[in-house]
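Survey of secondary and tertiary structure
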Amino acid sequence: FNSLVNKAVVPLNEECGLLEWVPHTHGFRNILHKLYQEKGIYVSGRELKDMVRAAQSDPVRLKDVFLNRLLPRHPPVFGEWFLRTFPDPTAWYSSRSSYAHTVAVMSMVGYILGLGDRHGENILFDSTNG
């Protein structure tokens with residue numbers, strides 16, 4: 001289990017700042033986009049908005065769009081990144097364990113501190129240890 005790593009942050013105002021460059025990391029959203037593009041099922045932001053906008057006023061139609069158009073184009077693929085990045089079984093197991101521990105700790109820390117703004121662009125994965 002890896003310990004928390006401190007990084008420098010430069011506050012720009014009350015709501016945003018710059019984080020020190022973190023080597024060997026990949027954004028969650030970028031990982032998923034790449035995998036979805038490889039499978040030919042990537043949905044652009046515009047396409048997503050158009051699908052939802054067309055059904056927005058009708059909850060039944062919106063549910064249909066979600067179940068039949070969005071979910072099939074967003075299958076669980078994140079595990080593939082671990083298999084590709086850590087092909088050795090021992091490295092794969094170690095990275096998955098590290099990931100699970102980190103998610104658990106950061107979820108608790110985030111809850112206690114009231115961290116917001118958790119989205120795919122600012123969740124980073126270390127390609128050296130998960």
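On the secondary structure map, tryptophan 92 appears in helix H5 (residues 89–113). What makes tryptophan 92 partly exposed here is its relative accessible area of 29%. Each C-alpha atom, one on tryptophan 92 and one on leucine 32, is 18 Å from the other, the two residues being 60 residues apart in sequence. Sequence-distant contacts of tryptophan 92, that is, excluding residues within four places in its chain, are made with Phe82, Leu83 and Phe86.

With that settled, the discussion passes to the packing of helix H2 (residues 45–55) against helix H3 (residues 59–70). Look at H2 against H3: their axes get within 8 Å of each other, and the N-to-C directions meet at 150 degrees. By the angle between their directions, the pair H2 and H3 is classed as roughly antiparallel. Relative to H3, the crossing made by H2 is right-handed. Taking contact as the criterion, the partners of Leu48, Met51, Val52, Ala54 and Ala55 in H2 are, on H3, Arg61, Leu62, Val65, Arg69 and Leu70. Along the lines of polarity and charge, the residues of the contact of H2 with H3 split into 8 nonpolar, no polar and 2 charged.

Attention shifts here to the side chain of serine 95. Within the fold, serine 95 resides in helix H5. When sequence neighbours within four positions are dropped, the list of residues in contact with serine 95 reads Phe82, Phe86, Asn129 and Gly130.

Below, the discussion takes up the packing of aromatic side chains. As enumerated under the stated definition, the model contains 12 aromatic pairs in all. If you follow arginine 96 out to its NZ or CZ, it ends over the ring of phenylalanine 82, 5.1 Å from the centre.

If you add up the space inside the largest pocket, you get close to 1,700 Å³. When contributions to the lining of the largest pocket are tallied by element, the ones reaching two or more residues are strand S1 (9–11), strand S2 (17–19), H5 and strand S4 (124–126). What the second largest pocket holds in volume is close to 210 Å³. Only helix H1 (28–39) and H2 provide two or more residues apiece to the lining of the second largest pocket. It is H1 that provides the largest number of residues to the lining of the second largest pocket, a total of 4 residues. Considering only residue class, the lining of the second largest pocket consists of 6 nonpolar, 4 polar and 2 charged.

Calculation criteria
- Residues numbered from 1 in each chain as written.
- Predicted model: local features only at pLDDT ≥ 70, side-chain atom pairs only at ≥ 80, totals over all residues.
- Heavy atoms only, no water.
- Helix = DSSP H or I, 4+ residues; strand = E, 2+ residues; numbered from the N terminus.
- Buried < 20%, exposed > 50% of the residue type's maximum accessible area, 1.4 Å probe, protein only.
- Contact = heavy atoms within 4.5 Å.
- Axes fitted to C-alpha atoms, helices over the stretch in contact; angles between N-to-C directions.
- Parallel < 35°, antiparallel > 145°, perpendicular 65-115°, else oblique.
- Left-handed = near helix turned anticlockwise from the far one by under 90°.
- Nonpolar A, V, L, I, M, F, W, Y, C, P; charged D, E, K, R; others polar.
- Phe/Tyr/Trp six-rings, centres within 6.5 Å; stacked < 30°, edge-to-face > 60°.
- Lys NZ or Arg CZ within 6 Å of the ring centre and 35° of its normal.
- 1 Å grid on protein atoms, 1.4 Å probe; cavity = no way out; pocket = protein on both sides within 12 Å on 5 of 7 lines; lining within 4 Å.
- Points joined across faces, edges and corners; volume = space filled by probe spheres on them.

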